[in-house]
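Letter by letter, the chains look like this.
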Amino acid sequence: MHLVRWMPSLKQSVEQIPEDSPGWGFTMFERRAEGMAVMGVALAADWPAWSEKQARAARLLCAEYDYDLRRRGEDLLPYYIPAPEKPNKLRLVCGQCCNDGMDEMGRLAALAGRLS
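Read on for an overview of the structure. (Residues numbered from 1 in each chain as written. Predicted model: local features only at pLDDT ≥ 70, side-chain atom pairs only at ≥ 80, totals over all residues. Heavy atoms only, no water.)

## Details of the layout of surface pockets
Size it by volume and the largest pocket reaches roughly 160 Å³. Residue lining of the largest pocket: Arg-59, Leu-61, Ala-63, Ala-83, Glu-85, Lys-86, Lys-89, Leu-90, Arg-91 and Leu-92, and that is the complete set. Of the residues assigned to the lining of the largest pocket, the class counts are 5 nonpolar, no polar and 5 charged. (1 Å grid on protein atoms, 1.4 Å probe; cavity = no way out; pocket = protein on both sides within 12 Å on 5 of 7 lines; lining within 4 Å. Points joined across faces, edges and corners; volume = space filled by probe spheres on them. Nonpolar A, V, L, I, M, F, W, Y, C, P; charged D, E, K, R; others polar.)

## Details of the environment of Met-105
Tracing the backbone shows Met-105 in helix α3 (residues 102-111). A relative accessible area of 14% means that Met-105 is categorised as buried. Between the alpha carbons of Met-105 and Ile-81 there is a distance of 9.9 Å; along the sequence they are 24 residues apart. The residues contacting Met-105, other than those within four sequence positions of it, are Arg-31, Arg-32, Gly-35 and Met-36. (Helix = DSSP H or I, 4+ residues; strand = E, 2+ residues; numbered from the N terminus. Buried < 20%, exposed > 50% of the residue type's maximum accessible area, 1.4 Å probe, protein only. Contact = heavy atoms within 4.5 Å.)

## A short note on unusual backbone geometry
You will see that Asp-66, though not glycine, has its phi angle at about 65°, which is positive. Tracing the sequence through the fold places Asp-66 in the loop between α2 (52-57) and β3 (79-80). The phi dihedral of Asp-100 falls on the positive side, at around 50°, and the residue is not glycine. Inspection of the secondary structure assignment puts Asp-100 in the loop between β4 (92-93) and α3. Among the residues examined, Asp-100 registers a relative accessible area of 37% and is labelled partly exposed.

Below is the structure:
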């Protein structure tokens, strides 16, 4: 509920979430020179109730295709691939637009002097 002070309209949606709802974390894949890291991300429990506009503002949609990463599609998973011009800014993509992180893995391997 700490998010309600920033998004007052969220209060009604949060109150409608059933008490037996599953956890709200999601799995994200982050490229690293030594390989792909699988990370569990647990944002605020309120996040499934966010509107698509709020999710976009929080960068929870694919940066390339606008796919809602909260849907947890089997073929479209969240990858953290920063834009070259803003390497320290969170930028999630759905996997489709980043070749499931393989292009970035190859680039990092080349930078590390390793074969991909």
